[in-house]
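Residues per chain, in single letters:
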Amino acid sequence: MKIRRHGVKLMTLVVVVSMPLLGLSAAASAKAAVGSAKWCAAHPVLAKTKPACSTSTGKGTGGDPPTITVQIDPNPLVETYQSDIVSVVQVETSPSFADDAVTVSSSQLSASCDGGTYFGTGSGISGTDSATVYLDDDGNATLFMGGEDCAPGSDVVEADLNVAPYYTALGTLVANPPVVTTAGVSGFPTYSGIVTTGEVETGDTALSGNSDVYAVFYVETDPVYAEQPVEISSNELESRCGQGWDLVSPSDLGAGIGSGTGTVEPPAEGFLDDDGNAVFVFYGASCAAGPSEVIADVMAGTHTTYTTIFNIVAPAPTI
């Protein structure tokens, strides 16, 4: 059976980084030094190009502003199919930046993936090398990130606030080469910043979405079933999303929400790679918080079934 190539890859781990402030000299007391808090506030456009206008904790230079973080889940991850990767990226900052734009990109990942990369949301925002998303009222934004035919290793993922004070957060994606893994089904992300009980929904405006849920599910089984079909479904998860949902293989990501409101479709079908692994992505809109059972069935041999619980947390600040 022919394995479909998957055009989406994504990666993991949250690390916030920025540059230290340049100090003011005594001689410059009468005139704001380039890179000082006063100078950055007075020159918002130029401030974006000055590392001194942010600190090592992701804070700006004016007093005690909030941090910004970017987290990628799962991390590390094992590549599947043709060295493909799929992940969820969560950007988290202060609610004071609600509706502001954030651009997520990774030049390193783009250079690592011969088959190309993908950044995008379930609501239609997408790009091959980056995507600009909008923060919701809690200061959060979420999107998918993926790549095809990628070299294993570490790649830096960057999230840039597009308005003053132009905060930047960096995360490191770690991709391991395809390998046989422990059997089961796992759902990601499992946390959002300080919230460790599941993924926090994002979106409460026309720009940011509407209680959107993004998830990646990895199905892992015996490699003896390589190239055999596998199905995944979750009536509970699908039924939670009142404005529709999509549960597909990564090659179908971006095709739009797959079901109508309140409709539960047949299971999504994919194929196991040579190591017995498969990946699926889920997007839902206007979803109710709570736990949902996810079921994966190997459609060969003894028809092994695996289950996991994926938990959705109501919208909330996460840093």
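Only a predicted model underlies this, so the values are computations on that prediction, with no experimental measurement involved.

Engineer: Which residues make up the state of the cysteines, and what are the values?
Structural biologist: Inspection of every chain in the model, using the stated rule, returns two disulfides. Between Cys113 and Cys150 runs a disulfide, and the two sulfur atoms are separated by 2.0 Å. Here the S-S torsion is close to 105°, and the disulfide linking Cys113 with Cys150 is therefore right-handed. Here Cys113 is found in the loop between α3 (107-112) and β6 (117-120), whereas its partner Cys150 is found in the loop between β9 (140-147) and β10 (153-161), with 37 residues between them in sequence. Grouping residues by exposure puts Cys113 and Cys150 together as buried. One disulfide bridge connects Cys241 with Cys287, the sulfur atoms lying 2.1 Å from each other. Across the S-S bond linking Cys241 and Cys287, the dihedral sits near 105°, which makes this disulfide right-handed. Taken together, the residues Cys241 in the loop between α4 (235-240) and β17 (245-248) and Cys287 in the loop between β19 (277-284) and β20 (290-298) connect sequence positions 46 residues apart.

Engineer: Can you explain the packing of aromatic side chains? Please cite residues and give values.
Structural biologist: Across all of its chains, the model carries five aromatic pairs by this definition. Ring centres of Phe97 and Tyr167 lie 5.5 Å apart, and the angle between their planes is 85°; this geometry places the pair in the edge-to-face category. Taken as a pair, Phe97 in the loop between β4 (85-92) and β5 (101-105) and Tyr167 in the loop between β10 and β11 (168-176) lie far apart in primary sequence, 70 residues in all. Judged on exposure class, the residue Phe97 and its partner Tyr167 are both buried. The interplanar angle of 85° and the centroid separation of 6.0 Å between the aromatic rings of Phe188 and Tyr218 together place this pair among those described as edge-to-face. Separated by 30 residues along the polypeptide, Phe188 in strand β12 (residues 184-188) and Tyr218 in strand β15 (residues 209-220) bring together distant segments of the chain. Residue Phe188 is classed as buried on the basis of its relative accessible area, which comes to 19%. Chaining the aromatic ring pairs together yields one cluster made of Phe144, Tyr214 and Tyr283.

Engineer: Outline the nonpolar core, supporting the account with residue identities and numerical values.
Structural biologist: Looking at soluble globular proteins, one finds that nonpolar side chains tend to be buried together. Membership of the largest hydrophobic core comes to 40 residues, with the highest contact counts inside it found for Val91, Val102, Val104, Phe144, Met145, Leu173 and Val216. Examining the composition of this core, we find that five residues originate from one element, β4, more than from any other. Among the nonpolar cores identified, the runner-up in size contains 26 residues, and Val185, Ile232, Ala296 and Tyr306 belong to it.

Engineer: Summarise the confidence of the model for the chain; cite the residues concerned and give the values.
Structural biologist: In low-pLDDT segments, the atomic positions of the prediction should not be examined closely. In this model, the chain carries a mean pLDDT of 81, and residues with pLDDT of at least 70 account for 74%. Across the chain, the secondary-structure element scoring lowest on mean pLDDT is strand β1 (residues 14-15), at 28, and the one scoring highest is strand β21 (residues 305-313), at 98. Confidence over residues 54-63 falls short of pLDDT 50; this stretch has 38 contacts with residues more than four positions distant or in other chains.

Engineer: Any chance you could break down the pairing of β6 for me, citing the residues and the numbers?
Structural biologist: Alternating positions in β6 separate into two faces, Thr117 and Phe119 on one and Tyr118 and Gly120 on the other, with burial throughout. The pairing of β6 with β9 spans four bridges and is classified as antiparallel. Looking at the pairing, Gly120 lines up with Phe144 of β9. Bridging between β6 and strand β7 (residues 126-127) involves two bridges; their strand directions are antiparallel. Its bridge partner lying in β7, Gly120 is registered against Ser126. Once β6 ends, the chain turns through five residues before running back antiparallel as β7, passing Gly124 with a positive phi of about 110°.

Engineer: Just give me the short version of the sheet that holds strand β18 (residues 268-271), but keep the residues and values in it.
Structural biologist: Read from one edge of the open sheet, five strands run β13-β21-β20-β16-β18, paired in mixed fashion. In this open sheet, the two edge strands, each paired with only one partner strand, are β13 (199-200) and β18. Across four bridges, strand β16 (residues 229-233) lies against β18 in antiparallel orientation. Among the inter-strand pairings, Ile232 is bridged to a residue of β18, identified as Ala268.

Engineer: Lay out the sheet that holds β6 in plain terms, naming residues and giving numbers.
Structural biologist: Taken in spatial order, the five strands line up as β2-β4-β9-β6-β7 in an open sheet, and their pairing is antiparallel. On the outer flanks of this sheet lie β2 (69-73) and β7, each paired with one strand and no other. In the sheet, β4 pairs with β9 via eight bridges, with the strands oriented antiparallel. Looking across to β9, one finds that Val91 is bridged to Ala141.

Definitions and cut-offs
- Residues numbered from 1 in each chain as written.
- Predicted model: local features only at pLDDT ≥ 70, side-chain atom pairs only at ≥ 80, totals over all residues.
- Heavy atoms only, no water.
- Disulfide = S-S within 2.5 Å.
- Helix = DSSP H or I, 4+ residues; strand = E, 2+ residues; numbered from the N terminus.
- Buried < 20%, exposed > 50% of the residue type's maximum accessible area, 1.4 Å probe, protein only.
- Phe/Tyr/Trp six-rings, centres within 6.5 Å; stacked < 30°, edge-to-face > 60°.
- Core = buried A, V, L, I, M, F, W, Y, C linked by side-chain atoms within 4.5 Å.
- pLDDT = per-residue confidence, 0-100.
- Contact = heavy atoms within 4.5 Å.
- Pairing = 2+ DSSP bridges.

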